[in-house]
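Here is how the chains run, residue by residue.
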Amino acid sequence: MKTNLLICFLSITSLTFGQRDREIIKQIDSINSTALIYYDNNDIVKSFNGFNKAKALSETIKDDYGNAIANYSLGNIYILMQNDNAAENCYKAMLKSAKYAKDDHLIANAYISLGKLYKSNNAFENAISYFENALKYGLNIVNDNEKQQIQAFLFDVRINLSEAYINNNQLAQALISLLKIEENLKSNTASTYSNGYFNYIYGLYFVKQDLYNNANSRFKEAITFLEEDNKNLKLLSKAYEELSLSSAKSGNNEDAYIALLKHNNYRDRFLNEEELKKDLVTKSKFLIEDYKNNAHLANIEKLEQQQANNKIKMVNLIISITLLLLFASLITLYVSYTSKRKLSKTLEIRNMELERTKEQALKSSELKSKFISNVSHELRTPLYGVVGITSLLLSNNNLSYRDTKLLKSLKYSGDYLLNLINDILQVSKMENQKVELKNISVNVKDLLESIANTFEYRLQETNNKIKIYIDSYVPEYIKCDSVRLSQVLINLIGNSVKFTESGTINLRARLMSLDNNQVGLRFEVEDDGIGIPEEKFKTIFNNFSQLEDESNFNYQGTGLGLSITKKLIELFESKIELESEVGKGSKFSFNVNFEIDNSRTNAISDSDNKQNNIISGSKKYRILVAEDNKINQIVTKNLLNKEGYLCTIANNGLEAIEQIKNNNFDLILMDINMPLMNGNEATMAIRKFNDTIPVIALTAADIEEVKEDHKNIGYDDIITKPFDNYEFYQIISANINKQRDITKFIKAS
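Below, the structure is looked at part by part. (Residues numbered from 1 in each chain as written. Predicted model: local features only at pLDDT ≥ 70, side-chain atom pairs only at ≥ 80, totals over all residues. Heavy atoms only, no water.)

### Side note on the overall build of the protein
Put simply, the rule is: Only runs of H or I of at least four residues qualify as helices and only runs of E of at least two qualify as strands under DSSP, and these elements are numbered from the N terminus. When a residue's accessible area, from a 1.4 Å probe over protein chains only, is under 20% of the maximum for its type it is buried; when over 50% it is exposed; and in between it is partly exposed. When checking whether two residues touch, look at their non-hydrogen atoms; a contact exists if any pair is within 4.5 Å. In this description, accessible areas are obtained by the Shrake-Rupley approach with a 1.4 Å probe, and a residue is regarded as covered only by the protein chains that are shown.
On a plain count of helices and strands, the protein comes out with 25 helices and twelve strands. Looking at the protein as a whole, 43% of its 749 residues are labelled buried. For the protein, the proportion of contacts with a sequence separation of at least 24, taken over those separated by at least 6, is 66%. When the accessible area of the protein is evaluated, it comes to approximately 42,000 Å², of which 51% is carbon and sulfur surface.

### Here's the deal with the packing of aromatic side chains
Our working rule: A pair of aromatic rings is counted whenever rings of Phe, Tyr or Trp (Trp by its six-membered ring) have centres within 6.5 Å, and the orientation is called stacked for planes under 30 degrees apart, edge-to-face for over 60 and tilted otherwise. Here, a charge over a ring is recorded when the distance from Lys NZ or Arg CZ to the ring centre is within 6 Å and its angle to the ring normal is within 35 degrees.
Here the structure, examined in full by the defined rule, presents 17 aromatic pairs. Between Phe572 and Phe594, the aromatic rings sit 6.4 Å apart at their centres with planes inclined by 70 degrees, giving edge-to-face as the arrangement. Of this pair, Phe572 sits in the loop between helix 18 (561-571) and strand 6 (577-581) while Phe594 sits in strand 7 (residues 585-596), and the two are 22 residues apart along the sequence. Assigned by exposure class, Phe572 and Phe594 land together as buried. Sitting above the plane of the Phe689 ring, Lys661 keeps its charged end 5.5 Å from the centroid.

### So, the sheet that holds strand 8 (residues 622-626)
Definition in use: Only strands joined by at least two bridges in the DSSP assignment are considered to pair. Between N-to-C directions, angles cover 0 to 180 degrees, with each direction set by a line fitted to C-alpha atoms, over the stretch in contact for helices.
With respect to topology, five strands assemble into an open sheet ordered 9-8-10-11-12, the strand pairing being parallel. Strands with a single pairing partner mark the edges of an open sheet, and in this sheet they are strand 9 (646-650) and strand 12 (717-720). Neighbour to neighbour, the strand axes of the sheet diverge by 20 degrees on average, direction disregarded. Note that strand 11 (residues 695-699) and strand 12 share four bridges and pair parallel. Paired with Ala697 across the bridge in strand 12 is Ile718. Strands in contact with helix 20 (residues 630-642) are strand 8, strand 9 and strand 10 (667-671); relative to strand 9, the strand with the most contacts, it is inclined by about 165 degrees.

### What to know about the pattern of salt bridges
Put simply, the rule reads: Any Lys or Arg side-chain nitrogen found within 4 Å of a carboxyl oxygen on Asp or Glu counts as a salt bridge.
Tallied over the entire structure, the rule returns 16 salt bridges. Notably, a salt bridge pairs Arg522 with Glu524, separated by 3.2 Å at the nearest N-O pair. Judged by relative accessible area, which is 12%, Arg522 ranks as buried. Among the salt bridges present, the one from Lys584 reaches Glu581, with a minimum N-O distance of 3.6 Å. The exposure class assigned to Lys584 is exposed, which follows from its relative accessible area of 59%. We classify Glu581 as partly exposed; its relative accessible area is 43%. One salt-bridge network, held together by shared partners, links Arg508, Arg510, Arg522, Glu524, Glu526 and Glu577.

### Some remarks on the side chain of Ser244
By the secondary structure assignment, Ser244 is in helix 12 (residues 233-249). Relative accessible area serves as the criterion here: at 8%, Ser244 is assigned to the buried category. Non-local contacts of Ser244, meaning those with residues more than four positions away in its chain, are made with Ala256, Ala259 and Leu260.

### Here we look at the environment of Glu163
Among the structural elements, Glu163 can be located in helix 8 (residues 147-167). In this view, Glu163 contacts Lys119, Tyr197 and Ile201; residues no more than four positions away in its chain are not counted.

### Things to note about the packing of helix 15 (residues 444-453) against helix 17 (residues 482-498)
As a reminder of what qualifies: Should an angle lie under 35 degrees it is considered roughly parallel, over 145 roughly antiparallel, and from 65 to 115 roughly perpendicular; all remaining angles are considered oblique. By convention the crossing between two helices is left-handed if the near helix lies anticlockwise of the far one by an angle smaller than a right angle, and right-handed if it lies clockwise. Amino acid classes used here: Ala, Val, Leu, Ile, Met, Phe, Trp, Tyr, Cys and Pro are nonpolar; Asp, Glu, Lys and Arg are charged; the rest, including Gly, are polar.
Relative to each other, helix 15 and helix 17 sit at 45 degrees, their axes nearing to 10 Å. Judged by the inter-axis angle, helix 15 sits oblique to helix 17. At the point where helix 15 passes helix 17, the crossing takes the right-handed sense. Two secondary-structure elements touch here, helix 15 through Leu447, Leu448 and Ile451 and helix 17 through Ser482, Leu485, Ser486, Leu489, Ile490 and Ile493. Counted by class, the contact of helix 15 with helix 17 contains seven nonpolar, two polar and no charged residues.

Next up, the structure:
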């Protein structure tokens, strides 16, 4: 196409200009031709220099054709250099010159170049306007000698216009354009690339229409042509990607997976080719900048020579003015020195005041953290009794319906109060930047079902239901911080339950990307509740933010849930997204990349079998509970007896040491805060004469405050009160199982 433009330019210029300018025109022709050869041979710097010279010459004699050609080629170079602003300026300059020259061929090429530029930047309305103008002027081109090239140009315009229509949701116009292309392809000999590109765009049209089977057929046909052509790996990769997404939406998950693998393969090949091109682009950018700098320096040198004579004439005047200014400067420096001394003293006083203020602020922050930690500990201890006894009573099958309902309400209130305490602690830890993510193996399905089950009572109370959806290709096990992820999803679901009555809350885990070691998941929590006004989108994630509505008195809370959720999602290196419409519901979503635990399936099944064996035969295991609180003793003892463990109570650390010396136990549950001798002191004393028995710390304090030193003290694990019963049994079972395996190994060796 560039060669055709030059031929057209050469044939017309000889008729337009007079004899006086023909020598310059010949020179412009030669420079443009040579520069084009350099461009085709990837010698970008020489090409860039040549077209700039041709442009400068054409401007001196107002040669619109030569100027248009030079600007067109410079625009292409700037596109290669990824400088879109400079490319746009060149194409617009080309369009201006082409219109002065009244050349439809050049005008059409200027419009399609601008259209492609805007399309690549997703400015589809502007792109459509430029493509329509390109088509208008392209249809005016009549040249029997270049009929095939004109048809190729018109195909290029129409296919880009169709794609822009589809992306701008102008589907009726897109269909008309596609049908016209199909008619032309049938009547003219088309390349395999053209057929492939056409079927790919047609597939995008069917996707927009939700006709996924039709889309699949078009994408497959496109892939057939493109693989035969085997030149445009980028388009082939995109065709496989769209086929994967369309197949998934039409229910063909196996085809979707195969297409996704193909997409990844061609994408990698394309990226490898792009890496090779980057070296050329980087080198060319550097050399072009060097060329510009040299030209700039040469221009500066010329100007300096012109100004040298003028400077010599003014030297005496400058010396006189300099002496005068020097004297004035000395006076100014003296005044400035005096002022700075005064200012320095003032700043010293201010700095001292700021240091005192800073020390007071730090003390206040430490006091606040200690206060929150102490208060939370005092609240957690009675809550352990409330939640624990309530759970024990609920396990009694002889309760009446009224008693069961009242106990569930009591447990819900206890859980709510516990969550409130945890939220306050979470805000405090985040402010002090003490939150770190763990990386443990998690079963995605079990995690989501467990989260949904925690809302059983609230769902009954609000007449709501939760639906869980997990994409079929989501790996069974991933590595993540299950506690933080659960907290995010619980906060989002809790928010949906709070603002929804007799509705449905959808919890989804969608597959975004997948390879051998990494998986990208998109979590969505969507409800059909009251919705959130658009003006609240930015403030709803602030601390203590709530919906200000006279009708929402039943929805009040602390206003911390969404704020904590946003900060936790940021710890996962993601961001929360919100879609909502008042009266129709809300959808919260976020994307996170996880490591796949490929070896977890067999290991989990074996481990579960071991743990099930321990729990089923746990009556022979004896556990010592060191706890000073009578209510907590009752709760812990009943929980252990319920699972078949033999339980002995020690009221403090001294009693615990005495019991261990006189009896055999399989595990110790050690409360940290006890009279006479606390749990830490008792554990360190036990380790002096018994370093094998598992010791698990029981604490109502925040686990972050204990975990740093628990290994040095001698604890094997930590359980925070109030605890989840299932997690409680699992930790006990795992530690007994671990110690049993160690004992077997020692005996065997």
